[in-house]
Amino acid sequence: MALDNMLARRVALRRHLEGNLRADDFLVEDCSVPTTDDGTFLVRNLFASVDPMLRIFIVSKPLGNATMPVMPPGTSIPSAAVGEVIETRHPDYKVGDLVEGRFGWQNYAVSNGQGVNLVPSAIAPIENALGGLPGFTAYVGLEAAGGVKPGQTILVSGAAGAVGALVKARGGRVVGIAGGEDKRRYLIDEVGYDAVADRKSPNFHAQLAAALPDGAHVYFDNVSGPLLADLMPYMAFGSLVLISGLMAQYQTGGVSEKDNLPAVLHAVMGKGVRIQSFSQFGKDAERPAFEQEVAALLASGDFKPEIHVIEGLDSLPQAQVDLFENSTTGKVVSHLVFGKDARLALDVAKRIKTGTVNVNAFFSRARSSSGGHKMSGIGRERGVEGIRAFQEIQVMNLGSAS
Ligand SMILES: NC(=O)c1ccc[n+]([C@@H]2O[C@H](COP(=O)([O-])OP(=O)(O)OC[C@H]3O[C@@H](n4cnc5c(N)ncnc54)[C@H](OP(=O)(O)O)[C@@H]3O)[C@@H](O)[C@H]2O)c1
């Protein structure tokens, strides 16, 4: 395929972060379309994912001083994306296949198939495939907590975000924490949360107390930070704090003067509260069960997650900053198709409308018959090792686009 006259752009890391993430920590630049070798294929990205977790890959010191390789400035941002195969020298992928993988914030990526899933044509809109990341996170987290048990109440922070909104999908009594009345209403009216406390309201603690008369048995913690200690009075005896992510701490780089570790330790000693983290990376063995369960939920119509579509590569840096400063509801993805490609543009335009759309086919992705989900093949089981494996895949898949 002649690609010489086609516009290629990418978002790269300009510099490692210092303090809060800023849009100009990223660089949007023209680049050449990468070329394929034997055993690889070329993808034109259609949608790219915006995830808070990306932030931990673009700092100079890995989370918790882990032995994760530091991503050098100049590297393309390694996000998940969905795209179409437009050139192939790989026996398992053909031109026209819709694929999901870590193709990055760029128009084109070459892949050897590692960590790539085929997106079945039955899925419409195709950007739904990116919902797999937060949905699978919610699923794996609840599994790590021992599943949803009758009589238990699960408390979820960042509840209106991509992961939090999906914790309710597995049922059970679920209480959310969200910032603002709009999000509170969204979670109750559209997602089906049993109760929601608005962390920005002066009545926040009264709302929590009313929603948790017997305390929370599991706290699915997407944000951590000072909120963690504030919630200890509402934890039941022997309950579990399940650390999913650290939204409130990614920006500060670690601790803030408002953190209150002693209050947390008092709950650990006094009430037997346990603290545990989990990672979805390296959990591919759980994917078939996850996909089956979600397919049933979608078919029943009980599951209506939300996708927020922004336009173009240039809007990605600010969208990433907004996750921390001005978050919206649901999953944020960027639409990357250019008007030059009339067929694709028409196809996509038929299937989406810009803005927030309800999606009813979020997770029913087919597993690649050709060895998709190979991330687990690297053999990492636990969080940091899993993340390290993930990052190694980025380097293999993305390299440097220029
Ligand atoms: N463990 C894993 O394998 C794994 C995988 C993927 C993601 N994650 C983690 O899951 C978490 C949620 O991801 P997501 O994709 O759902 O993110 P998201 O869509 O951006 O939602 C995050 C939510 O966090 C809340 N938040 C942001 N900053 C906050 C602060 N300073 N204090 C309190 N709340 C704050 C916001 O809710 P309100 O303002 O409404 O409260 C926002 O809706 C992240 O921490 C991410 O790293 C974990």
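The residue numbering used here restarts from 1 in each chain and proceeds along that chain's sequence as written. Residues qualify for local features only when their pLDDT is at least 70, as the model is predicted, and side-chain atom pairs are given and counted only at 80 or more; totals for whole chains, interfaces and linings, by contrast, use all residues.

Whether a residue is near a molecule or strand depends on its C-beta atom, placed from the backbone, lying within 6 Å of it. Close contacts around the ligand come from 30 residues, with Gly158, Gly161, Val163, Gly179 and Gly245 the closest. Among the secondary structure elements, those contributing two or more residues to the shell around the ligand are helix H1 (132-144), helix H6 (247-250) and helix H9 (316-325). Here the term charged refers only to Asp, Glu, Lys and Arg, the term nonpolar to Ala, Val, Leu, Ile, Met, Phe, Trp, Tyr, Cys and Pro, and the term polar to all other amino acids, Gly among them. A class-by-class count of the residues in the shell around the ligand yields 15 nonpolar, 12 polar and three charged. Here the shell around the ligand gathers at least three residues from each of two domains, domain 1 (9-130 + 304-398) and domain 2 (150-272). Only DSSP runs of H or I with at least four residues qualify as helices, and only runs of E with at least two residues qualify as strands; both kinds are numbered from the N terminus onward. An automatic or database domain assignment supplies the start and end points of every domain.

Note on definitions: a nonpolar core is a set of buried residues drawn from Ala, Val, Leu, Ile, Met, Phe, Trp, Tyr and Cys, linked by C-beta atoms within 7 Å. A residue is called partly exposed when the number of other C-beta atoms within 10 Å of its own lies between 12 and 20, exposed at 12 or fewer, and buried at 20 or more, with C-beta atoms placed from the backbone. Formed by 55 residues in total, the largest nonpolar core has its most connected members in Ala159, Ala216, Tyr219 and Leu242. Among the elements that make up this core, the one with the highest residue count is H1 (six residues). We call two residues in contact whenever the C-beta atoms placed from their backbones are within 7 Å. In this view, Tyr219 contacts Leu155, Leu231, Met235, Ser239, Val241 and Leu242; residues no more than four positions away in its chain are not counted. By size, the runner-up hydrophobic cluster in this structure holds 36 residues, among which are Val43, Val50, Ala80 and Leu118.

Let us now look at unusual backbone geometry. Phi at Ser224 is positive, roughly 55°, even though this residue is not glycine. Inspection of the secondary structure assignment puts Ser224 in the loop between strand S11 (216-221) and helix H5 (226-231). Here Ser224 falls in the buried class, since 20 other C-beta atoms lie within 10 Å of it.

Relative to the assigned elements, Leu54 resides in the loop between strand S3 (41-50) and strand S4 (81-88). On the neighbour-count criterion, Leu54 (19 C-beta atoms within 10 Å) is partly exposed. When the C-alpha positions of Leu54 and Pro78 are compared, they lie 7.5 Å apart, and in sequence the two are 24 residues distant. Sequence-distant contacts of Leu54, defined by excluding residues within four places in its chain, comprise Ile77, Ser79 and Gln320.

This part covers the sheet that holds strand S9 (residues 173-178). The pairing of strands in a sheet comes from backbone hydrogen bonds and takes either a parallel or an antiparallel form. Strand pairing is assigned whenever DSSP detects at least two bridges linking the two strands. With respect to topology, six strands assemble into an open sheet ordered S10-S9-S8-S11-S12-S13, the strand pairing being parallel. Either end of the sheet is taken by a strand with one partner, and the two such strands are strand S10 (195-198) and strand S13 (274-277). Pairwise comparison of adjacent strand axes, ignoring direction, gives a mean angle of 20° for this sheet. Against the sheet, helix H4 (residues 204-211) makes contact with S9 and S10, and its axis sits at roughly 160° relative to S10, the strand it touches most. Angles shown run from 0 to 180 degrees and are taken between the N-to-C directions of axes, each axis being a line fitted to C-alpha atoms and, for helices, limited to the stretch in contact.

Confidence scores here are pLDDT values: one per residue, from the predictor, ranging 0 to 100. The predicted model of the protein chain has a mean per-residue pLDDT of 79, with 76% of residues at 70 or higher. Per-residue pLDDT stays below 50 along residues 339-402; that stretch engages in 140 contacts with residues further than four places along the chain or on separate chains.

The subject of this paragraph is the pairing of strand S5 (residues 98-101). Relative to S5, S4 is paired through four bridges, and the arrangement is antiparallel. Paired with Glu84 across the bridge in S5 is Leu98. Here two bridges tie S5 to strand S7 (residues 117-118), and the two strands are oriented antiparallel to one another. Note on S7: the bridge partner recorded for Val99 is Leu118.

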